[in-house]
Amino acid sequence: MRFHRICLCGLVLAIYVLPAAAATDVLSEAQLLRESGCGGLQPAADPLRHSERLDRAAQFWAAGFPVDDAARQAGYAAHRLASVQVRGNDAATLQTLRRTSCLTLLSRTVTEIGTYRRGLESWLVLASPRVAHGSSGATFAARVLELVNQVRARGASCGARAFAPATALRASDTLDRVAYGHALDMALHDYFEHQDLTGRTPADRVRAAGYSERLVGENIAYGPESAEEVVRGWLASAGHCENIMDPRFAEMGLAYALGRAPARRSGQGLYWVQLLAKPSPAT
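Basis of the calculations
Residues numbered from 1 in each chain as written. Predicted model: local features only at pLDDT ≥ 70, side-chain atom pairs only at ≥ 80, totals over all residues. Heavy atoms only, no water. Helix = DSSP H or I, 4+ residues; strand = E, 2+ residues; numbered from the N terminus. Pairing = 2+ DSSP bridges. Contact = heavy atoms within 4.5 Å. Axes fitted to C-alpha atoms, helices over the stretch in contact; angles between N-to-C directions. Phe/Tyr/Trp six-rings, centres within 6.5 Å; stacked < 30°, edge-to-face > 60°. Buried < 20%, exposed > 50% of the residue type's maximum accessible area, 1.4 Å probe, protein only.

Trainee: What exactly am I supposed to notice about the environment of Ala-78 here?
Mentor: Checked against the element boundaries, Ala-78 lands in strand 4 (residues 78–87). Note: C-alpha distance between Ala-78 and Val-110 (32 residues apart in sequence) is 9.6 Å.

Structure below.
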């Protein structure tokens with residue numbers, strides 16, 4: 001296992017390498033009301049597509065961000081945006097939504113939905129995505145993967161250690177989700193560590209998501225505001241750079257979340273998590 005914690009150019013970075021239901025119910029209830037026209041009170045509407053980014057937006061909203069800001073922090077560019085917050089147990093949620101939120105749930109101006117549930121509180125974010133004109137539409141994760149693979153293709157020196165060119169990494173949706181879970185957890189609970197507050201390591205979190213791994217690495221950072229900045233910071237640190245250039249890794253996940261600065265520094269900033277893994281061979 002290798003572990004490094006450094007502060008570089010205003011960034012806080014760390015590296016790790018180790019060998020190797022309720023929201024769904026709220027979503028189903030919202031879809032039922034939409035497809036039934038709130039039980040025949042209104043014309044039925046087409047079902048909404050479930051969006052994991054809007055799930056993230058709902059989590060940010062639950063954490064106290066205004067819903068517009070929550071969508072932006074989740075990386076969702078919204079053309080239309082609506083939101084519903086409801087309190088009640090599972091048995092009461094459907095009736096509460098029907099009584100208070102039918103017009104919002106039946107809106108034809110939204111096409112996607114995300115939800116978040118905590119205790120008796122449910123947050124629903126409905127939106128239609130903005131169509132980008134003249135833009136590549138690349139997400140932060142896709143851009144980081146592109147930059148990392150450019151470096152791996154040409155080789156790099158990580159401190160005193162030289163690395164030959166390495167094969168390109170593949171994107172992994174599972175690793176993206178695990179990375180986002182840890183980034184959001186650090187943002188919400190004001191800490192900056194590879195080990196989370198339950199004591200789980202990056203490898204533990206990856207396994208819990210059903211990913212069968214032979215090797216797991218993690219880079220984290222606080223402060224960068226762009227894909228270029230976070231990759232530049234990691235490459236400037238020997239340990240982080242070694243993780244990026246390690247030829248054993250084959251897949252990558254990346255996510256970020258907005259929260260307070262670690263160690264109670266002033267202001268807010270982005271927590272970044274990059275997961276690198278070598279999956280076990282299929283059996």
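Trainee: Please explain the sheet that holds strand 4 as it appears in this structure.
Mentor: Reading across from one edge, 3-5-6-4 is the order of the four strands in this open sheet, with mixed pairing throughout. Where the open sheet ends on each side, the last strands, each with one partner, are strand 3 (49–50) and strand 4. Pairing between strand 3 and strand 5 (residues 112–118): two bridges, direction parallel. Note that in strand 5 the partner of Arg-49 across the bridge is Glu-112. Lying over the sheet, helix 3 (residues 52–62) contacts strand 3, strand 4, strand 5 and strand 6 (121–129), oriented at roughly 45 degrees with respect to strand 5.

Trainee: Looking at this structure, how should I read the packing of aromatic side chains?
Mentor: The way to describe two aromatic rings as a pair is by their centre distance and the angle between their planes. By the definition in use, this model includes six aromatic pairs. Aromatic side chains Phe-60 and Tyr-180 sit 6.4 Å apart centroid to centroid with 70 degrees between the ring planes, which places their arrangement in the edge-to-face category. Of this pair, Phe-60 sits in helix 3 while Tyr-180 sits in helix 8 (residues 173–189), and the two are 120 residues apart along the sequence. For the pair formed by Phe-60 and Tyr-180, the shared burial category is buried. For the ring pair Phe-192 and Tyr-271, a centre distance of 6.4 Å and an interplane angle of 50 degrees mean the geometry is tilted. One end of the pair, Phe-192, is in the loop between helix 8 and helix 9 (202–208); the other, Tyr-271, is in strand 12 (residues 268–279), and 79 residues separate them in sequence. Given the relative accessible area of 0%, Tyr-271 is considered buried.

Take it as geometry only, folks, not as evidence of what the structure does.
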